[in-house]
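Chain by chain, the residues:
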Amino acid sequence: MNDEAVQDRSPEDGDDGPMSRRSVLRTTAGAAGAGLALGALGASPAAAAGPAEAVAAAAGREPDATPARRGRTMAGVPFERRTTVRVGIIGLGNRGGSMIDLFLALPGVRVVALCDPVRDKAERAAAKVVAAGQPAPAVYAKDEDDYENLCARGDLDFVYVATPWETHFAMARAAMLSGKHVGVECPVAMRLDELWALVDLSERTRRHCMQLENCAYGRNEMRVLRMAHAGKFGELLHGAGAYNHDLRGLMFDDDYYEGPWRRLWHTRLRGDLYPNHGFAPVANYMDVNRGDRVVSISSFGTPALGLAEYREAHVPAGHPSWKESYIGSDRTVSMLRTAKGRIIRLEHDVSTPHPYSRINSLGGTKGVFEDYPARIYIEPDHLDDRWADFSRYAEWDHWLWKEHANPPGGHGGMDYIMLFRLTQCMRLGLVPDFDVYDAATWTAPVPLSHASVKAQGAPQAIPDFTRGEWRKTRAGMDSERPANDG
């Protein structure tokens, strides 16, 4: 979507957060979690992670300062069964414009409405819907607020949001308040108070709010998940994930992104701007929010040199980016601790030369898996201290990948697998593979890593968004094939 209203501003060391182009909506997020968010973004230094009290003190709050629940839990709540899933799509740029093809390829799905303030993009997408044999969808392209009219429609079941990050919260909020389930691209929101507000809204409206984390549906990720749950790695001890992806050229490409929104986040926050792709798979391996939970994060960041250096070498004088000052660490490294004492390492680097890697590693008492390239070493299968071929473990593939061995679409097929499973759960009235608590947990490193980097690595408490439900074992990504779906 167009993000021309995002204004450049010079950051200062004490700046505690980004200014949204629709900042007035932030005042309606509700008071729940606001004090926690402010405490986290202004944390005082602490020596090291320790008991809950020490971690809470480092985050500037009392250990039990979890907002009271305003509704019933959404953990384990199924969708309403329906024959056809009626979808509205907000944002038809690079991501939304490609994902519409996959929605049109899914069984039992109809694209009813489309929204993007760039009318040409919305109309090109509408033409795809008609070409696929579906009725012409309604188009909302009046202005940047027209998504509210899409959400208000009475003939939608699900709203898909693929827009600049600072708009995600307002759009997810509008969808739930209008009675729609909503799925949001990463990250689901940028502030801790917004994450709490989405949790509260999901519970109050009884609508699911999901982080559509495609990397959780990667073939390797789902294979490792099944092996972990079968005990092949023994007792789980540690994991790692990342988003190390050289985006310098794209962030300075005026034709790739609709406006400078993604680059501008590097003028606002110092921490991990995009933790979800690396965090979510490891969280699934460890049953985070389903028997364990993450309790703290400590983050460290390098100097911010890469974007300015790239601009110096490749961007002509007079380009708007020359007014920008970058503070986002070129590389952040975060260590997360769970209630069971496990550790998760996250990395983020989009500003320096680096082959693409999400790391995707898991280790336990019986061995370890590492990706990029995929390799494994587990006992008793391997005893020679040499990495083994992970392809030999194809028998452990998730049923989704056994039935959809060559799925259409980008990212190796994980996008299609994710949407197929989501809409299958909606058609059959099943519990979704992940929920609003996962969305909030996977995104919490965005504001909290910024706070920790500012506080020289001091640990920040990660809230228990489940309000105690994490202690209960329940199903997640490692699903069984439904017997009544063909």
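Because the structure is a prediction, the values reported are computed rather than measured. (Residues numbered from 1 in each chain as written. Predicted model: local features only at pLDDT ≥ 70, side-chain atom pairs only at ≥ 80, totals over all residues. Heavy atoms only, no water.)

### Digging into the pattern of salt bridges
Okay, so step 1: If you walk through the whole model with that rule in mind, you get 32 salt bridges.
Okay, so step 2: The partner of Arg467 in a salt bridge is Asp200, with the nearest N and O atoms 2.8 Å apart. One end of the pair, Arg467, is in the segment after strand E15 (460–461); the other, Asp200, is in helix H7 (residues 192–205), and 267 residues separate them in sequence. Comparing Arg467 with Asp200, the two get one shared label, buried.
Okay, so step 3: Residue Glu347 is joined to Arg331 by a salt bridge in which the shortest nitrogen-to-oxygen separation is 2.8 Å. Separated by 16 residues along the polypeptide, Glu347 in strand E10 (residues 343–349) and Arg331 in the loop between helix H12 (306–314) and strand E9 (332–338) bring together distant segments of the chain.
Okay, so step 4: Taken together, the salt bridges that share partners define one network made up of Glu80, Arg82, Arg86, Asp157 and Arg207. (Salt bridge = Lys/Arg side-chain N within 4 Å of Asp/Glu carboxyl O. Helix = DSSP H or I, 4+ residues; strand = E, 2+ residues; numbered from the N terminus. Buried < 20%, exposed > 50% of the residue type's maximum accessible area, 1.4 Å probe, protein only.)

### Digging into the confidence of the model for the protein
Okay, so step 1: Averaged over all residues, the pLDDT of the protein equals 89, while 86% of them reach at least 70.
Okay, so step 2: Residue range residues 1–64 is modelled with pLDDT below 50. Its contacts to residues more than four positions away, or to other chains, number 133 contacts. (pLDDT = per-residue confidence, 0-100. Contact = heavy atoms within 4.5 Å.)

### A look at the packing of helix H3 (residues 94–105) against helix H4 (residues 119–131)
Okay, so step 1: Relative orientation of the contacting elements H3 and H4 amounts to 15°, with a least axis distance of 10 Å. Here H4 runs roughly parallel to H3, going by the angle between their axes. Classified by chirality, the crossing of H4 by H3 is right-handed. Facing H3, whose interface residues are Gly97, Ile100, Asp101 and Leu104, H4 presents Ala125, Lys128 and Val129.
Okay, so step 2: When grouped by side-chain class, the residues that make up the contact of H3 with H4 number 4 nonpolar, 1 polar and 2 charged. (Axes fitted to C-alpha atoms, helices over the stretch in contact; angles between N-to-C directions. Parallel < 35°, antiparallel > 145°, perpendicular 65-115°, else oblique. Left-handed = near helix turned anticlockwise from the far one by under 90°. Nonpolar A, V, L, I, M, F, W, Y, C, P; charged D, E, K, R; others polar.)

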